[in-house]
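Structural description and commentary
So you can see what is in the structure, the chains are spelled out below.
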Amino acid sequence: MTVLALLLMLSMLLAACGGNSGEKEESSDGSNDEKSEETSEGPELGQKDLTQPYVAWARETISTHMLGALLEEVGYNVELKQVEAGAMWSSVADGSTDFHTSAWLPATHAPYWEKYSEDIVKVKQVLDKAPLALAVPSYMKDVNSIEDLKGNKELGESVDWTVTGIDPGAGIMQNTEEAFEAYGLDNWELTSSSEAAMLTTLQSAAENEEPIIVPLWKPHWIFGTMDLKMLEDPKEIYGGDGDQIYTVARNGLEEDAPRAYKVLEQYNENYEMINEMMPKVHAEDQDPAEVVREYMENNPDQVDKWLEGVPRE
């Protein structure tokens, strides 16, 4: 047999065996089959049990239950832990909880961020322009700015020189103390209670068209049920046009629970979504878990965006 014939036979043999055995087959779209398989699997589950602390504020109740439901959809066991603001931040920083979606920055939670930023990761901005301010019922026509409180004896005496506040660890309470100093409101005091107690007092005063001043923020369901106005804040003590709200996580969560971290990176919100659910929970007293589950069932395309590339279990 000639050399040429031998070479021809070897060539045909190689072709029949699929050519170079070290190469991987490509799919019809030119991509590598093995790589495509890895990509389709999505990120690993990792640590299966997660703890999410939250304060029972208007938006936070909705957002926390929504993230909890989404993470359970992809295979996690999520414990929702209601706490005060300080504990919400410190527990994520020390690793005893995993993440929260209640970081109002750069203004409202600035002291917490300054204290814990080395131990906490900003994962995703979920909402833009979340303004905070002192607020009054719109029938208080002569009160339109924080500056209107200074030296206003008639107003001060009518409310016992008191701004009716919420839980003492809330960032907006610290803002209000700063506003007292910045605007020279020496006669004024800030009482603390809870958001629910403050809203009850606000609603009671409004029923009788009595004067009242409270710290408030948007998004909040109360603006859909009452005619309120946020007072102008020329010194921007409350952050001007508004904070941004972030989901933040403990250091190491991305490595420990890659699938959860990807969901956190893809989760976002808008006012329409939050405003749809808040009244059901806070005004109609529906179970927040049921409210968010109903939203997910009615908005499957939105859920698909939040969970894109993440396997469901």
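Analysis parameters
- Residues numbered from 1 in each chain as written.
- Predicted model: local features only at pLDDT ≥ 70, side-chain atom pairs only at ≥ 80, totals over all residues.
- Heavy atoms only, no water.
- Helix = DSSP H or I, 4+ residues; strand = E, 2+ residues; numbered from the N terminus.
- Contact = heavy atoms within 4.5 Å.
- Areas by Shrake-Rupley, 256 points an atom, 1.4 Å probe, with all protein chains shown as cover.
- Buried < 20%, exposed > 50% of the residue type's maximum accessible area, 1.4 Å probe, protein only.
- Pairing = 2+ DSSP bridges.
- Polar contact = N/O pair within 3.5 Å; in protein donor to acceptor, adjacent residues only side chain to side chain.
- Salt bridge = Lys/Arg side-chain N within 4 Å of Asp/Glu carboxyl O.
- pLDDT = per-residue confidence, 0-100.
- Expected span 1.5 Å × (residues − 1).
- Arc of directions from axis to C-beta.
- Axes fitted to C-alpha atoms, helices over the stretch in contact; angles between N-to-C directions.
- Parallel < 35°, antiparallel > 145°, perpendicular 65-115°, else oblique.
- Nonpolar A, V, L, I, M, F, W, Y, C, P; charged D, E, K, R; others polar.
- Phe/Tyr/Trp six-rings, centres within 6.5 Å; stacked < 30°, edge-to-face > 60°.

**With respect to the overall build of the chain**
When helices and strands are counted, the chain shows 13 helices and 10 strands. Taking as baseline every contact in the chain between residues at least 6 positions apart, the subset at least 24 positions apart corresponds to 80%. By element, 45% of the accessible surface of the chain is carried by carbon and sulfur atoms, the whole surface being about 15,900 Å².

**Looking at unusual backbone geometry**
For the bond from Leu105 to Pro106, the omega torsion is 10 degrees, close enough to zero to count as cis. When you line up the elements, Pro106 lands in the loop between β3 (99-105) and α5 (110-116). Between Lys218 and the following residue, Pro219, the backbone shows a cis peptide bond with an omega angle of 5 degrees. Structurally, Pro219 can be placed in the loop between β8 (214-217) and β9 (228-230). Look at Lys129: it is not a glycine, yet its phi comes out positive at around 55 degrees. One can find Lys129 in strand β4 (residues 120-130). Take Lys129: its relative accessible area is 51%, and that puts it in the exposed class.

**A few points about the pairing of strand β10 (residues 243-250)**
When you tally the buried positions in β10, you get eight out of eight residues, the bulk of the element. Here β3 pairs with β10 via five bridges, running antiparallel. Looking at the pairing, Leu105 lines up with Gln244 of β10. With seven bridges connecting them, β4 and β10 associate as antiparallel partners. Note on β10: the bridge partner recorded for Ile120 is Arg250.

**Some points on the side chain of Gln244**
Its location among the elements puts Gln244 in strand β10. A distance of 3.2 Å separates the side chain of Gln244 from the side chain of Asp128, its partner in a polar contact.

**Let's talk about the pattern of salt bridges**
Where charged atoms of side chains with opposite charge meet at close range, the side chains can pair. Within this structure, the stated rule accounts for eight salt bridges. Between Glu60 and Arg59 there is a salt bridge whose closest N-O contact spans 2.7 Å. Across the pair, exposure class does not vary: Glu60 and Arg59 are buried alike. Through salt bridges with shared partners, one network takes in Arg59, Glu60 and Glu269.

**Some words on the confidence of the model for the chain**
On average, residues of the chain score 89 in pLDDT, and 87% of them are at 70 or above. In the predicted structure, residues 1-8 sits below a pLDDT of 50 and forms two contacts with residues beyond four places in sequence or in another chain.

**Let's talk about helix α8 (residues 195-207)**
Look at α8: 18 Å from first C-alpha to last across 13 residues, which is about the 18 Å you get at 1.5 Å a residue. Those residues of α8 that sit buried are Glu195, Met198, Leu199, Leu202 and Ala205. On an axial view of α8, the arc spanned by its buried residues comes to 125 degrees, and they lie on one face. When the buried face of α8 is taken as reference, the exposed residues oriented beyond 90 degrees from it are Ala196, Thr200 and Glu207. Check the buried side of α8 and you find it contacts α3 (58-73), β5 (132-137), β6 (162-164), β8 and β9.

**Digging into the sheet that holds β10**
Pairing is antiparallel across the open sheet formed by three strands, whose spatial order is β3-β10-β4. Each of the sheet's edge strands pairs with one partner strand only, and the pair in question is β3 and β4. Pairwise comparison of adjacent strand axes, ignoring direction, gives a mean angle of 25 degrees for this sheet. Each of β3, β4 and β10 touches α3; the most contacted strand, β3, lies at about 145 degrees to it. Strand contacts of helix α10 (residues 258-266): β3, β4 and β10, with the helix running at about 25 degrees to β4, the strand carrying the most contacts.

**Brief notes about the packing of α3 against helix α11 (residues 271-282)**
Contact pair α3 / α11: the axes reach a minimum separation of 9 Å and the direction vectors enclose 105 degrees. With respect to α11, the axis of α3 lies roughly perpendicular. On α11, the residues touching Ala58, Arg59, Thr61, Ile62, Ser63 and Met66 of α3 are Met273, Ile274, Met277, Met278, Val281 and His282. Its residues assigned to classes, the contact of α3 with α11 comprises eight nonpolar, three polar and one charged.

**A look at the packing of aromatic side chains**
On inspection of all chains with the given rule, the structure shows four aromatic pairs. For the pair Trp89 and Trp113, a centre-to-centre distance of 6.5 Å together with 75 degrees between the ring planes defines the contact as edge-to-face. Note that Trp89 is positioned in helix α4 (residues 85-93) and Trp113 in helix α5, a separation of 24 residues in sequence. On the basis of relative accessible area, Trp113 is assigned to the partly exposed category, the value being 23%. Each ring, one from Tyr267 and one from Trp306, has its centre 5.1 Å from the other, and the planes form 50 degrees; the classification is tilted.

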